[in-house]
Amino acid sequence: MAKQSIIGRITQLAKANINALLDQAEDPQKMLDQMVRDYTASIGEAESAVAQTIGNLRMLEEDHREDVAAADDWGRKALAASRKADELRGSGNATDADKFDALARVALGRQLQSENEAKGAEPMIASQTAVVDQLKDGLGKMREKLNQLSSKRDELIARSKTVEAQSQVNDAIKSVDILDPTSEISRFEDKIRREEAKVRGQQELAASSLDAQFESLEDLGELTEVEARLAALKSGPAQKAIE
């Protein structure tokens, strides 16, 4: 039951659809973080269980090899005892020959026992080998899934930071928009324009005053000329005739 539970858990995690889970999540980043933690913990537990299963399989395989080796060894001993019995019987020593035949029978019995134990372990070894292969495959898929989760999390975090940076840049651009009448730059520009207009007004006013002064000088010149001509008239020929 424990092994079946491990297999089921590994299979379920390995088949998880990351994108579908993210679509259902309110906070995908937090969900990915939690999934990475869960997968890491599950992989650790599964690795421990799989390692134990592999260890048990290796013990069965070792016992099987020992049984096979023991069967071969008892077979050689049985053969040696049987040949010795034949040799003794051929030389007329039936009593000792019977003893070696008895030893051969004991060795053959031990050989049969070892062979039966080896054969009996083979189905269990085959079953355990299939389980181990399945567990290894599941673990490999879980590790791949964990890599996908980690990559997806890193991608999501990077995209989140990019969006945040873009938002900050957009906010900064809005704060210095020179076309925005509410911006500080716009108000400062209006102030400068008013100052420039004031200076132009002062210049125009000064120019008007200077023109008026020159006009007064021209009027004064005209009056002087009139007086000169009047004086000339008074001192002209008519005046001399009177004299």
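Everything below is about the structure shown above.
Residues numbered from 1 in each chain as written. Predicted model: local features only at pLDDT ≥ 70, side-chain atom pairs only at ≥ 80, totals over all residues. Heavy atoms only, no water.

### Regarding the overall build of the protein
Inference 1: When its secondary structure is counted, the protein shows six helices and zero strands.
Inference 2: N-terminal to C-terminal, the α/β element order of the protein is α-α-α-α-α-α.
Inference 3: Considering the protein as a whole, with its 243 residues, one finds that 22% of them fall into the buried category.
Inference 4: Within the protein, residue pairs in contact and separated by at least 24 positions form 77% of the contacts whose partners lie at least 6 positions apart.
Inference 5: When the accessible area of the protein is evaluated, it comes to approximately 17,700 Å², of which 55% is carbon and sulfur surface. (Helix = DSSP H or I, 4+ residues; strand = E, 2+ residues; numbered from the N terminus. Buried < 20%, exposed > 50% of the residue type's maximum accessible area, 1.4 Å probe, protein only. Contact = heavy atoms within 4.5 Å. Areas by Shrake-Rupley, 256 points an atom, 1.4 Å probe, with all protein chains shown as cover.)

### Re the packing of aromatic side chains
The geometry of an aromatic ring pair is captured by the separation of the ring centres together with the interplanar angle, meaning the angle of the planes.
Inference 1: Throughout the structure, instances matching the rule amount to zero aromatic pairs.
Inference 2: It is K77 that lies over the ring of W74; its NZ or CZ is 4.5 Å from the centre. (Phe/Tyr/Trp six-rings, centres within 6.5 Å; stacked < 30°, edge-to-face > 60°. Lys NZ or Arg CZ within 6 Å of the ring centre and 35° of its normal.)

### Some remarks on the pattern of salt bridges
Inference 1: In the structure shown here, the tally under the stated rule is eight salt bridges.
Inference 2: For R58, the salt bridge identified is with E61, shortest N-O distance 3.1 Å. On the criterion of helical spacing, the pair formed by R58 and E61 is a turn pair, its members being three residues apart in helix α3 (residues 28-90).
Inference 3: Owing to a relative accessible area of 21%, E61 belongs among the partly exposed residues under this scheme.
Inference 4: Salt bridges linked by common partners bring D73, R76 and K77 together as one network. (Salt bridge = Lys/Arg side-chain N within 4 Å of Asp/Glu carboxyl O.)

### A word on the side chain of H64
Inference 1: Along the chain, H64 turns up in helix α3.
Inference 2: A relative accessible area of 16% means that H64 is categorised as buried.
Inference 3: At a separation of 3.4 Å, a polar atom in the side chain of H64 contacts the main-chain carbonyl oxygen of A118.
Inference 4: Every residue in contact with H64, bar those within four places of it in the chain, is listed here: A118, A121, E122 and I125. (Polar contact = N/O pair within 3.5 Å; in protein donor to acceptor, adjacent residues only side chain to side chain.)

### Regarding the nonpolar core
Inside soluble globular proteins, nonpolar side chains tend to come together where they are buried.
Inference 1: Counting 13 residues, the largest nonpolar core has I43, L139, L146 and L149 as its most contacted members.
Inference 2: Those elements that place two or more of their residues in this core are α3 and α4 (94-175).
Inference 3: Among the nonpolar cores identified, the runner-up in size contains five residues, and L60, A121, I125 and V132 belong to it. (Core = buried A, V, L, I, M, F, W, Y, C linked by side-chain atoms within 4.5 Å.)

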